[in-house]
Amino acid sequence: MADLGVFSELKNQQRPVRRNDKTYSKKKGQTAGRRAMHFDLFGGGTNENDFVDKMEKLTFSDDVREMTVEPSPEPILPLEERPVEHHHRPRRRQKAATSTKMANLTWLQLQQLDPLLSLVGQKGVKDFQEFGRSIGKKYLCTKLGEGSYADVFKFEAKELADVQELEEQGGLIVKIIPFKLTKEVKSDITDLDSVLREVMLMQTVDALHGFVRCRGIHIVSGTYPDVLLEAFDTFKAVRPVSAHHTNPLKDFSPHQLYAIMEMNDVGRPIYHLQPLSAFQVYDIFWNTAMSLAHAEKQIEFEHRDMHNGNICWKPLTKDGRLDAAQSVIEEMKERPEVVLGMSNLQITVIDYTLSRARINDGTGGGAIIFDPMLFWETEAYNAKTEAEKRQWGTYRRVREWARITEFEAEEKARLGGLKYEATNKYERFQPKSNLFWLGYLLADMLARTPAGRGAILPGSSRPAKDLQIQLWAKLIEVSAYLNQMTPTLLPEGADAFIAVAMERGWLAPADLAAYKARAEE
Ligand SMILES: Nc1ncnc2c1ncn2[C@@H]1O[C@H](COP(=O)(O)OP(=O)(O)OP(=O)(O)O)[C@@H](O)[C@H]1O
């Protein structure tokens, strides 16, 4: 399939990031805006570098701080409104390293942290309590959600004067990932390598349209601050179905290491959006497909875990509109040239824990970041609901394709009489995985869509009705294509798929142009 090069004109704004410690220091400095936000979270008013210098002294010590903490009493739990409709990968959160382990860090272990600290521009490990004190002064914290590894909080400015500024910067979300230096087979706390990978991926996709902005990353150690513990408890009380993590004071030692990622607020996961209109599904699906296509070209990106908790939406405009404007569908006289964007949803792909990308170092030969997905080699999860089957079926499809590609590479080498260079199968660039996840995404949304009359927005004019019927028909066709076609016959990846979609009339050239215009803004 001819590559239309539809994304080649978009500027490559990647910040070069290198893997080897010699080159970490070459990483571009943060912009003033970023630094300001970064600075805020650790108690503004002084030079951040002074603070970093102070923090430098805050490296691990051998003295074990004895600490008995009474857990806060669990409040009476009201029923959560609705259950989560996606499932995190089966990694139980287990007891973290004990305080003795943390206190016994050797010089070698401290050396281990060095690449991560260099990557985030830190000279030492910061103090988690200090972080808590400074954010507590300025922000109200709400826990938004949790994943297999992390807790995610939303920060809202307390002072009216700061509210607008924060809003203009796109809000403030903080993901807190406890991690340890070593990989243990039976532990589910993230290890240093995984954090390094996620940090590098965050920094790499940061400049790409349709991906979350990374404002800053901090490496801290210490006891979970009260301000976050309160938010943690409230979440458990209000959303017991989603709250799986136990109180961090119970789980973690006072020397626990955490990576804190500051991001812009990209709204809520799409599983919250129901029922979905044709305009919404069209926008969510094609925006995601085009963002993936662009990322494939720029950084050989594969998401590999794009379930419905990892795509978020929020209104594009300040009026908060979340679907086609009533006046537009009532007064529509003919099909508009541009359909993309009618729902007014801004779509962002998040969570790159399992993602694969080539770090852009400006040479085209940057390091490849990938998760070996060892946990997924043997499968123990028994999917029950249709939604679970869709999600787990997609992990399986990705794995099968990786196995086929590996087998083919071996065979090719054997037939050519060449020595087979063993490569981890997840290291290879197999953008078809993006197509499998796009197939999942569309099927998931179509399954949550009302049938018959409910599929058409009330008050629609005849042309608006026809447009919605047409959009649904095409989306169903695309879903069948992505989900029923044998993988070998599918295009190479999302980029090639966009070309097919244009040829088949599933995506209008004007919509592609509208996407590009927004991406270049
Ligand atoms: N930038 C953001 N803006 C708004 N909400 C966010 C943001 N980042 C994360 N969230 C919320 O937090 C939840 C968990 O985040 P995330 O998926 O990154 O965690 P995780 O531990 O890596 O999850 P997983 O188990 O899927 O690997 C998301 O489903 C989303 O609701």
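What you see is a predicted model; the values in this text were computed from it and never measured.

## Things to note about the environment of Ser221
- By secondary structure assignment, the location of Ser221 is in strand β6 (residues 214–221).
- Ser221 sits in the buried class, given a relative accessible area of 9%.
- In this structure the C-alpha to C-alpha distance between Ser221 and Thr405, which are 184 residues apart in sequence, comes to 42 Å.

## A short note on the UniProt feature "binding site: ATP" (unreviewed entry) in the chain
- UniProt feature "binding site: ATP" (unreviewed entry): in the numbering of this structure it lies at Lys175.
- As for its position among the elements, Lys175 is in strand β4 (residues 172–180).
- When residues no more than four places from it in sequence are discounted, the contact partners of Lys175 are Ala150, Asp151, Val152, Glu198, Ala259, Ile260, Met261, Met263, Asp351 and Thr353.
- One polar contact links Lys175 to Glu198, side chain to side chain, over a distance of 2.8 Å.

## Some remarks on the pattern of salt bridges
- Within this structure, the stated rule accounts for 19 salt bridges.
- Taking the shortest distance from any N to any O, the salt bridge between Lys175 and Glu198 comes out at 2.8 Å. Highlighted residues: Lys175 in strand β4 and Glu198 in helix α8 (residues 192–205), separated in sequence by 23 residues.
- A relative accessible area of 12% places Lys175 in the buried class.
- On the basis of relative accessibility, which here comes to 5%, the residue Glu198 falls in the buried class.
- Asp444 is the partner of Arg448 in a salt bridge, and the nearest nitrogen-oxygen pair spans 2.8 Å. You'll find Arg448 and Asp444 in the same group, each marked buried.
- Through salt bridges with shared partners, a single ionic network connects Lys143, Glu146 and Asp151.

Cut-offs used in this document
- Residues numbered from 1 in each chain as written.
- Predicted model: local features only at pLDDT ≥ 70, side-chain atom pairs only at ≥ 80, totals over all residues.
- Heavy atoms only, no water.
- Helix = DSSP H or I, 4+ residues; strand = E, 2+ residues; numbered from the N terminus.
- Buried < 20%, exposed > 50% of the residue type's maximum accessible area, 1.4 Å probe, protein only.
- UniProt positions renumbered as here; feature names shortened; annotations may be inferred.
- Contact = heavy atoms within 4.5 Å.
- Polar contact = N/O pair within 3.5 Å; in protein donor to acceptor, adjacent residues only side chain to side chain.
- Salt bridge = Lys/Arg side-chain N within 4 Å of Asp/Glu carboxyl O.

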